[in-house]
Amino acid sequence: MQEQITDILKIIAAKLDVIADKLDKLPAATDSPSGKTFGEFALYYFERFRWRKVKATTKRTDLSRYNCHISPEFAEMRLTDITSEHVQNVIDGLSDRQKTAHEVFTLLNIICKAAIKHGIITHNPCDLVLLQSYESEHGKALTKDEERQLLEKTSGTPYHTMFAVVLYTGLRPNEYKTACVDNGFIIARNSKRKNGKEETKRIPITSMLAPYIPDAYPDEPLPIRMYHPDRMTERLKCILPRHKLYDLRTTFYTRCQECGVAETARKLFVGHSLGKLANTYTDVSDEYLKAEAAKLVY
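Residues numbered from 1 in each chain as written. Predicted model: local features only at pLDDT ≥ 70, side-chain atom pairs only at ≥ 80, totals over all residues. Heavy atoms only, no water.

### As for the pattern of salt bridges
Consideration 1: For the structure on display, the rule yields eleven salt bridges.
Consideration 2: Here Glu-175 and Arg-172 are joined by a salt bridge, their closest N and O atoms 2.6 Å apart. When sorted by exposure, Glu-175 lands in the same class as Arg-172, which is buried.
Consideration 3: Close ionic contact of Glu-258 with Arg-255 constitutes a salt bridge, the shortest N to O distance being 3.2 Å. On the criterion of helical spacing, the pair formed by Glu-258 and Arg-255 is a turn pair, its members being three residues apart in helix H9 (residues 246-258).
Consideration 4: The network of salt bridges with shared partners includes Arg-65, Lys-99 and Glu-103. (Salt bridge = Lys/Arg side-chain N within 4 Å of Asp/Glu carboxyl O. Buried < 20%, exposed > 50% of the residue type's maximum accessible area, 1.4 Å probe, protein only. Helix = DSSP H or I, 4+ residues; strand = E, 2+ residues; numbered from the N terminus.)

### With respect to the packing of helix H2 (residues 38-48) against helix H5 (residues 98-117)
Consideration 1: At their nearest, the axes of H2 and H5 sit 10 Å apart, and the two run at 90 degrees to each other. Regarding the angle of H2 to H5, the classification is roughly perpendicular. Of the residues in H5, those in contact with Phe-38, Phe-41, Ala-42, Tyr-45 and Phe-46 of H2 are Leu-107, Leu-108, Ile-110, Ile-111, Ala-114 and Ala-115. (Axes fitted to C-alpha atoms, helices over the stretch in contact; angles between N-to-C directions. Parallel < 35°, antiparallel > 145°, perpendicular 65-115°, else oblique. Contact = heavy atoms within 4.5 Å.)

### Thoughts on the nonpolar core
Consideration 1: Ranked by size, the top nonpolar core spans 45 residues in total, and within it Leu-150, Phe-163, Tyr-168, Leu-209, Met-232, Leu-248 and Phe-269 carry the most contacts.
Consideration 2: Elements that contribute at least two residues to this core include exactly helix H6 (144-153), helix H7 (158-167), strand E1 (180-182), strand E2 (185-189), helix H8 (229-239), H9, helix H10 (263-270) and helix H12 (286-293).
Consideration 3: It is H7 that provides the largest number of residues to this core, a total of seven residues.
Consideration 4: Discounting residues that sit within four places of it in the chain, Met-232 has contacts with Tyr-159, Met-162, Phe-163, Val-166, Tyr-176, Met-226, Tyr-227 and Leu-245.
Consideration 5: Listed in part, the 30 residues of the second largest apolar core include Val-90, Ile-91, Ile-120 and Ile-121. (Core = buried A, V, L, I, M, F, W, Y, C linked by side-chain atoms within 4.5 Å.)

### Let's talk about helix H3 (residues 56-74)
Consideration 1: Maximal helix bending in H3 amounts to about 50 degrees, located at Asn-67.
Consideration 2: Those residues of H3 not exposed but buried are Asp-62, Tyr-66, His-69, Ile-70 and Phe-74.
Consideration 3: Where H3 is buried, its residues touch H2, helix H4 (84-92) and H5. (Bend = angle between axes of the 7 residues up to and from the residue.)

### Here's the deal with the packing of aromatic side chains
Consideration 1: Taken as a whole and assessed by the stated rule, the structure comprises twelve aromatic pairs.
Consideration 2: An angle of 45 degrees between the planes, with centres 6.0 Å apart, marks the rings of Tyr-45 and Phe-46 as tilted. Take Tyr-45 and Phe-46: they sit in the same class, and that class is buried.
Consideration 3: The interplanar angle of 25 degrees and the centroid separation of 6.3 Å between the aromatic rings of Tyr-45 and Phe-49 together place this pair among those described as stacked.
Consideration 4: Using a relative accessible area of 38% as the deciding quantity, one classes Phe-49 as partly exposed.
Consideration 5: Through a chain of ring-to-ring contacts, the aromatic side chains of Phe-41, Tyr-44, Tyr-45, Phe-46, Phe-49, Trp-51 and Tyr-66 assemble into a single cluster.
Consideration 6: The ring of Phe-185 carries Arg-202 above its face, with NZ or CZ at 4.3 Å from the centroid.
Consideration 7: It is Arg-235 that lies over the ring of Tyr-159; its NZ or CZ is 6.0 Å from the centre. (Phe/Tyr/Trp six-rings, centres within 6.5 Å; stacked < 30°, edge-to-face > 60°. Lys NZ or Arg CZ within 6 Å of the ring centre and 35° of its normal.)

### Topic: the environment of Arg-202
Consideration 1: Mapped onto the elements of the fold, Arg-202 is located in strand E3 (residues 200-204).
Consideration 2: A residue is classified by how much of its surface remains accessible, and Arg-202, at 27% relative accessible area, is partly exposed.
Consideration 3: Along the sequence, Arg-202 and Thr-169 sit 33 residues apart, while their C-alpha atoms lie 9.1 Å from each other.
Consideration 4: Beyond its immediate chain neighbours, meaning those up to four positions away, Arg-202 contacts Phe-185, Ile-186, Ile-187, Phe-269, Asp-286 and Leu-289.
Consideration 5: At 3.1 Å, the side chain of Arg-202 and the side chain of Asp-286 are in polar contact. (Polar contact = N/O pair within 3.5 Å; in protein donor to acceptor, adjacent residues only side chain to side chain.)

### Section: the packing of H3 against H5
For any two helices packed against each other, one specifies the crossing angle of their axes together with the interaxial distance.
Consideration 1: For the pair H3 and H5, the least separation of the axes is 10 Å and the interaxial angle reads 80 degrees. Compared by their axis directions, H3 and H5 come out roughly perpendicular. In this structure, H3 uses Asp-62, Arg-65, Tyr-66, His-69, Ile-70 and Phe-74 to contact H5, whose residues at the interface are Thr-100, Glu-103, Val-104, Leu-107 and Leu-108.
Consideration 2: Split into classes, the residues belonging to the contact of H3 with H5 amount to six nonpolar, two polar and three charged. (Nonpolar A, V, L, I, M, F, W, Y, C, P; charged D, E, K, R; others polar.)

### Describing unusual backbone geometry
Consideration 1: In this structure, Asn-183 is a non-glycine residue whose phi angle is positive, near 55 degrees.
Consideration 2: Along the chain, Asn-183 turns up in the loop between E1 and E2.
Consideration 3: Exposure remark for Asn-183: the relative accessible area of 41% places this residue in the partly exposed category.

### Observations regarding the sheet that holds E1
Consideration 1: Spatially, E3-E2-E1-E4 is the arrangement adopted by the four strands of the open sheet, whose pairing is antiparallel. Of all the strands in the sheet, the pair left with one neighbour each is E3 and strand E4 (222-223).
Consideration 2: As paired strands, E1 and E2 are joined by three bridges and run antiparallel to one another. If you follow Asp-182 over to E2, its bridge partner there is Phe-185. (Pairing = 2+ DSSP bridges.)

This is the structure in C-alpha cells:
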C-alpha cells in the first residue's frame, strides 16, 4: 500500500512539474503588447493602465461601450490594419445617436493614442474621422415661481426638506447619500474627484436653507435623510414635468451667479475644479465661504 501511495505521489509531482513549466512559458505581465490584436491590446491597456486610475463606474461604462460598439468591429483586427475609414464607418453607424457616437469615438481615440505610445502604430486612425457637432445637455434652471411651486407642493412631506437642500446647496444626485449637517455647513463627498482622491465640499447653511434645517449646529455630524434620486425624480416630475433632478443643481449655481457670489466660492460649493494651480494654492476660510453664501438671498 505504501508503495502505491509513493507511486501516486510521484505521478502527481511529475504533472505539477509539467504545469509549472508551462506557466513559466506564459508571457509575463509586463511583456510588450506588440503583435496583439486590437481587442487584446485594448484589454491590456484597460487593465494595466486606464482602470488603475478611474472609478468603478468609469470602468463599467468603458466595458459597456467597448463591448457594444467597438469590440464587434475591431477586436480581431490587427491595430496596424485599422484605417480611418474603418473608424468612420463605425461612427457613421451611430449618426442617429450623436452622444453615443462621441463617447465611442473618445474611447477609440484613447486606445489608439495608447497604441502609439507603445510603438505599435505610428498614426492615429481617429485623426481623420469626421464627427457631427454635439452639444452636451446641461441642466435648465427653475424659475423662481417654479421653485416656490416645488416647495409649496411638497410642504408637510419629507420631500420638502430634501428638495430645499438640493435647491440651496447644488448637490449632485450621487452625493445625496453622503450629505450631513455639521457646524453650520452642509458637508458632502465631492463625487467628481479623480484618481480615487477623497474630498469633501462644504456649503454654508444660508438664510434660504436655514428654515428647513432645524439644527444647523449638532453636537456631531448629522446625516440628512434623502430618498434615492430615482424616487425624488418621480416626485419632481409630478410637480414640474419638464424638469429633471439635475436642474435643481443648475438652479443653485444660477442663483449664486445672480446674487453676486464670487466665482471661487461658487466652484467650491458645487465641487468644480479651480484649475490645477488654484487647487494647489487656494485654501479659503469658513468665514469667507459663509460671507459669500450670505449673498444668496432672493
